[in-house]
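Summary of structural features
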Amino acid sequence: MFSRLSRPGALALCAVPIVALFAVVGAAPLPYSVAQPGMTADVLGADQGRQIITISGAPTRKTEGQLRMTTIVATGPSADVDFGDVVEGWLRTDRAVLPRDAVYPSGQSDKEIERHNTHDMVESQNSATQAALGLLGKDPKTVDVSLHLADVGGPSAGLLFALGIVDKLDGDGSGGDLTGGRKIAGTGTISADGAVGAVGGVSLKTQAAGRDGATVFLVPKAECGDAGSELPKGMRLIPVSTLKGAVSALRALERGETDQVPSC
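Residues numbered from 1 in each chain as written. Predicted model: local features only at pLDDT ≥ 70, side-chain atom pairs only at ≥ 80, totals over all residues. Heavy atoms only, no water.

1. Let's talk about the sheet that holds strand 8 (residues 183-186)
For the record, the criterion: Pairs of strands are assigned from DSSP output, requiring at least two bridges between the strands. Secondary structure is summarised from DSSP: a helix means a run of H or I of at least four residues, a strand means a run of E of at least two, and numbering begins at the N terminus for each. An axis is simply a line fitted to the C-alpha atoms; with a helix, the fit covers only the stretch in contact. Between two such axes, the angle follows the N-to-C directions and lies from 0 to 180 degrees. The contact criterion used is simple: two residues touch if any of their non-hydrogen atoms lie within 4.5 Å.
With mixed pairing, six strands are arranged side by side in an open sheet as 6-1-5-8-11-12. For this open sheet the edge positions go to strand 6 (96-99) and strand 12 (236-240), each flanked by a neighbour on one side alone. Neighbour-to-neighbour, the strand axes of this sheet turn through a mean angle of 35°, independent of strand direction. Relative to strand 8, strand 5 (residues 66-74) runs parallel, the two being bridged by four bridges. Within the sheet, the bridge partner assigned to Met69 lies in strand 8 and is Gly186. Across the sheet, helix 2 (residues 83-91) is in contact with strand 1 (32-42) and strand 6; its angle to strand 6 comes to roughly 125°. Relative to strand 1, helix 6 (residues 202-211) is tilted by about 40°, and along the sheet it contacts strand 1, strand 5, strand 6, strand 8, strand 11 (216-220) and strand 12.

2. A closer look at the pairing of strand 7 (residues 144-147)
The side chains of a regular strand alternate, residue by residue, between the two faces of the sheet. Rules: Relative accessibility decides the category of a residue: with a 1.4 Å probe and only protein chains considered, values under 20% of the type maximum give buried, values over 50% give exposed, and everything between is partly exposed.
Side chains of strand 7 alternate between two faces, with Val145 and Leu147 buried and Asp144 and Ser146 left unburied. Pairing of strand 4 (residues 53-56) with strand 7, which is carried by four bridges, proceeds in the antiparallel orientation. Following the sheet pairing, Ile53 is matched in strand 7 by Leu147.

3. Thoughts on the state of the cysteines
Condition: Disulfides are defined as cysteine sulfur pairs within 2.5 Å.
Under the defined criterion, the tally for this structure stands at one disulfide. Through a disulfide, Cys224 is tied to Cys264; the S-S separation comes to 2.0 Å. Looking down the S-S bond of the Cys224 and Cys264 bridge, the torsion is -65°, so its handedness is left-handed. Taken together, the residues Cys224 in helix 7 (residues 224-228) and Cys264 in the segment after helix 8 (243-255) connect sequence positions 40 residues apart.

Here it is as structure tokens:
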């Protein structure tokens, strides 16, 4: 025989399984990664005491300004991300919640993913060298380019590596710096023929760039919208789809020909 519950009592009883459900969801790991702005590095400078770009077999020039590659930091593939982490990531503009499979290949261990990212970085460096030397008409058999950047994986620094090589060899083509003395940041993959590809996480990368003093950001053209969503105040976005286009845009910016510089 059941006794009749008062309305407050019935509501309290119904709330018990709901609270229990949220407690379970809150504690259970979820298939997401939480990303935030990472480090940036000036590819024209040094990393851990070594020049990031070293060139032999051709005259190089002393550069002014900076070309900063940008990164994001994401929770690892084996890290537990719970409901509270996801909610915090949704609420904060300097965080992004991404499906884990969109950040890391599924079914691979942490070490396998690390090897994969290292391989992608090496391939990106090779493509950047080919693209830059090809643009300048330099013979890769006589010009040797060595790229060094520790603790960074993946292909997204390709565009900045290529621009750094161009600046060290040719500058703006007229004796000046490709940067015009500015702190310029950016992201984008690069192919051997100079095509620039999308990378993801660009709104976090613009924040990293702004934090480290950049005032111009080169972004793959397809990601203009994402890059503008949390753009630091005073930062100029320049969309690019090829290395040649990126060099042309920076040369126009250096000469003050702002109407020749594309914008998002």
